[in-house]
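# Summary of the model geometry
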Amino acid sequence: MDTKERKDKTKKETKESRSQEFIHRLQTMHELRSSGTEPYPNDFRPKDTAKECVSNFDSLPKEELEARKESVKIAGRVVALRRFGKAAFAHLQDRTGKLQAYFKRDVLSEDEWALFKKIDVGDIMGISGTLFRTKTDELTVEAKELRLLTKGLSPLPEKWHGLQNVESRYRQRYLDLLVNPEVRDVFKKRTEIIRLIREFLNERDYVEVETPMMHHIPGGAAARPFKTHHNALGSDLYLRIAPELYLKRLVIGGIERVFEVNRNFRNEGVSTRHNPEFTMLEFYEAYATYEDLMTLTEELVCSLVQALHKSKKLTYQGTELDFTAPWPRITVKEAILMHNSEASEAIFTDKELALEYLAKVNPSLATGGEDLSFGKIILEIFEATAEDKFIQPTFITQYPLEVSPLSRKNAEDETLVDRFELIVNGFEIANAFSELNDPVDQRERFLEQTKERVAGDEEAQMMDEDFLTALEYGMPPTAGEGIGIDRLVMLLTDSPSIRDVILFPLLKQRTKEVREDEAENKTKEEV
RNA sequence: GAGCCGCUAGCUCAUCCGGUAGAGCAUCUGCCUUUUAAGCAGGUGGUACGGGGUUCAAGUCCCCGGCGGCUCACCA
């Protein structure tokens, strides 16, 4: 078979044209198999990891290490390969890190040397050998035996620059993880943060639960939901926008301290701070108030900052953030007055004046603003003028009643609720309140929401009779909180975009893929 | 949804006023038994995101579309 015939054969095997390197590797794979070397075996069991080798033996002096003839057996991906004719160095990367391997023609059998000559960067190998130190003092395993464990057909991105193309990094995250160590590090930290949060709550007697992702009535937050359909039940369902109403049912059921770390889905735009599916921690504690949760939040977040940065301070995108507690507690009203020197205090008592002021600070809401509730107007003024001014961790408290349909009314001022948000670097990290446990009041709040919904507010909440039924059995006085895990991880890992802390952020399907999928689906339908 | 920027070899990037599409790494051939962005010599590899237009000539200019990034808007 000449080269051209081989290329044609390869094109038939793979549905599109491939790079010369892919074709060459595919040929190598076929050659190995036909000469009796399985390119995808599964009988190799490594006994050691790169990290174990380093931590156990890297401290030994060269002579002592080599006298011990320490045998190791490791497996990993070839991420670098330097050949010298009759010898070669490679770096193998496993889940724990990298280890250099040395291959010498004298040491290996003829078959193994022949196999080694067919190894490419990106292949996965298994090696048995002894540890030694090179001239440059690097701990290295000298291969006595080697196996090809997986032949890689597609070449890895370049060793020096890694994978830079942002779109490729998100779409092919496996490559990003493989070649960009700092990306691996961010996701390790994400896992660690979630582990620490679980530990923190478990220590305080909280019980972790899982509640439904598919809701008949999407509730617990102001957001537009994704809609789906259950065929057998013949009913439309919504992906949850928050677990809140289910977690409260559990508090009613006697799980007095409960939490869930899981996904929420909100049908809204994407940005550096928003992904349609995102991870939220929600927790509820009976016999606590929102003030207790402020203290708890300080403890939780401080412990995370301390654990990851060995300090109470960290730098986020060039800004130093100091998490030393206590953090300022500022009411929405105070926050607005702080950052609007020209605003009169009358805007908090006169809806017309407030609306006038809002039109000034956010002209996009000038039309249709009359439909907004007083509370919504105040909140809009806060968001337009004050929210992003709070860089250091700050609790914003005392939110308007109308924008908090699940929160307990403030005892002194019934137009406000006992609620706070934690703002860091201008964005919301946490939202918490003393929960409304008066079922009659809750019903009225839902009715109020229903009216707003009819008036056109797609985010207003729906009446949830099943939840009201639960509340009517009695929920202990409870405080609850939600913490956006992705945003917290952004802060703790100095990541500029939420997409840098979500393994597979939502991206549009590419046109070519859409066409192929449509073609495939059509074929299936015809069959 | 709007504005700006980007999309060129497997990867990272050049191509200045429109004039034969280039480099480094990877790959291929040869040499090389302690290298680590190994080295030396030689070669292959391109539908320049897709489509249309202007032009003797388009990666480059214009229009339509796709995907991505950033900013804004939306969005707790």
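See the structure above.
Summarised in this report is the structure supplied together with it. What you are looking at is a predicted structure, and each value in this text was computed from that prediction instead of being measured. (Residues numbered from 1 in each chain as written. Chains lettered and ligands numbered in written order. Predicted model: local features only at pLDDT ≥ 70, side-chain atom pairs only at ≥ 80, totals over all residues. Heavy atoms only, no water.)

### Quick word on unusual backbone geometry
Among all residues save glycine, negative phi is the norm, and among peptide bonds the norm is trans. Each neighbour pair has its own omega, and for A325 with P326 the value is 0°, a cis peptide bond. Topologically, P326 is positioned in the loop between β13 (319–322) and β14 (329–331). Look at N425: it is not a glycine, yet its phi comes out positive at around 55°. Within the secondary structure layout, N425 lies in the loop between β16 (416–424) and β17 (427–434). Since its relative accessible area comes to 13%, N425 is described here as buried. (Helix = DSSP H or I, 4+ residues; strand = E, 2+ residues; numbered from the N terminus. Buried < 20%, exposed > 50% of the residue type's maximum accessible area, 1.4 Å probe, protein only.)

### Comments concerning the pairing of strand β9 (residues 235–239)
Put simply, side chains in a regular strand alternate between the two faces of the sheet. In terms of strand pairing, strand β7 (residues 214–215) meets β9 through two bridges, oriented antiparallel. When the bridges of β9 are listed, M214 appears paired with L239. Connecting strand β8 (residues 227–230) to the antiparallel partner β9 that follows it, the hairpin turn spans four residues, and G234 within it adopts a positive phi of roughly 60°. (Pairing = 2+ DSSP bridges.)

### Focus on the protein's contact with RNA strand B
Among the 57 residues in the neighbourhood of RNA strand B, the closest are listed as T136, K159, A222, E268 and R419. Taking all atoms of RNA strand B within 4 Å of the protein, the share assigned to sugar and phosphate is 60%. Within the backbone of A223, a nitrogen or oxygen atom sits 3.4 Å from a phosphate oxygen of RNA strand B. For the surface near RNA strand B, the elements supplying multiple residues, two or more each, are α2 (20–34), β1 (71–83), β2 (87–94), β3 (97–104), α6 (166–171), α13 (374–385), β16 and β17. Here the surface near RNA strand B takes four residues from α6, the largest share from any one element. When grouped by side-chain class, the residues that make up the surface near RNA strand B number 16 nonpolar, 20 polar and 21 charged. (Near = heavy atom within 4 Å. Polar contact = N/O pair within 3.5 Å; in protein donor to acceptor, adjacent residues only side chain to side chain. Nonpolar A, V, L, I, M, F, W, Y, C, P; charged D, E, K, R; others polar.)

### A few points about the pattern of salt bridges
Side chains that differ in sign of charge can pair as their charged atoms come close. The full count for this structure, using the stated rule, is 42 salt bridges. A salt bridge links D176 to R173; its shortest N-O distance comes to 2.8 Å. With D176 and R173 both in helix α7 (residues 173–179), this residue pair falls three residues apart, about one helical turn. The class for D176 is buried, based on a relative accessible area of 0%. (Salt bridge = Lys/Arg side-chain N within 4 Å of Asp/Glu carboxyl O.)

### Here we look at the nonpolar core
I197, L281, F283 and F323 are the most contacted members of the largest nonpolar core, which has 47 residues in total. Ranked by the residues each element gives to this core, the list is headed by helix α10 (residues 290–309), at ten residues. If we skip the residues at most four places from it in the chain, L281 touches I197, L201, F259, E260, V261, L300, E481, G482, I483 and I485. One finds L65, I74, L146 and L148 within the second-largest nonpolar core, a separate group that totals 28 residues. (Core = buried A, V, L, I, M, F, W, Y, C linked by side-chain atoms within 4.5 Å. Contact = heavy atoms within 4.5 Å.)

### Digging into the environment of K389
Tracing the backbone shows K389 in the loop between α13 and β15 (394–400). K389 gets classed as partly exposed once you look at its relative accessible area, which sits at 43%. Through-space distance from the C-alpha of K389 to that of C302 is 21 Å; in sequence the pair is 87 residues apart. A polar side-chain atom of K389 sits 3.0 Å from the main-chain carbonyl oxygen of T385.

### Focus on the sheet that holds β8
Taken together, the three strands give an open sheet; going across it, the order is β7-β9-β8, and neighbouring strands pair in antiparallel fashion. Only two strands of the sheet have a single neighbouring strand rather than two, namely β7 and β8. With four bridges joining them, β8 and β9 adopt antiparallel strand pairing. Its bridge partner lying in β9, H229 is registered against D236.

### Focus: the environment of T130
Mapped onto the elements, T130 comes out in strand β4 (residues 124–133). Overall, T130 belongs to the buried group, its relative accessible area being 15%. Separated by 28 residues in sequence, T130 and Y102 place their C-alpha atoms 9.9 Å apart. The residues contacting T130, other than those within four sequence positions of it, are K69, E70, S71, T140, V141, E142 and K144.

### Things to note about the pairing of strand β11 (residues 277–286)
Burial within β11 is extensive, with nine of its ten residues counted as buried. Pairing of strand β10 (residues 257–265) with β11, which is carried by nine bridges, proceeds in the antiparallel orientation. Directly across from N264, in β11, lies its bridge partner F278. Note: β11 against strand β18 (residues 478–484), seven bridges, orientation antiparallel. The residue of β18 that forms the bridge with A286 is T478.

### Comments concerning the sheet that holds β1
Pairing within the closed barrel is mixed, and its five strands lie in the order β1-β2-β3-β5-β4. On average, adjacent strands in this sheet sit at an angle of 55° to one another, irrespective of strand direction. Note: β3 against strand β5 (residues 139–150), three bridges, orientation parallel. Following the sheet pairing, A101 is matched in β5 by V141. (Axes fitted to C-alpha atoms, helices over the stretch in contact; angles between N-to-C directions.)

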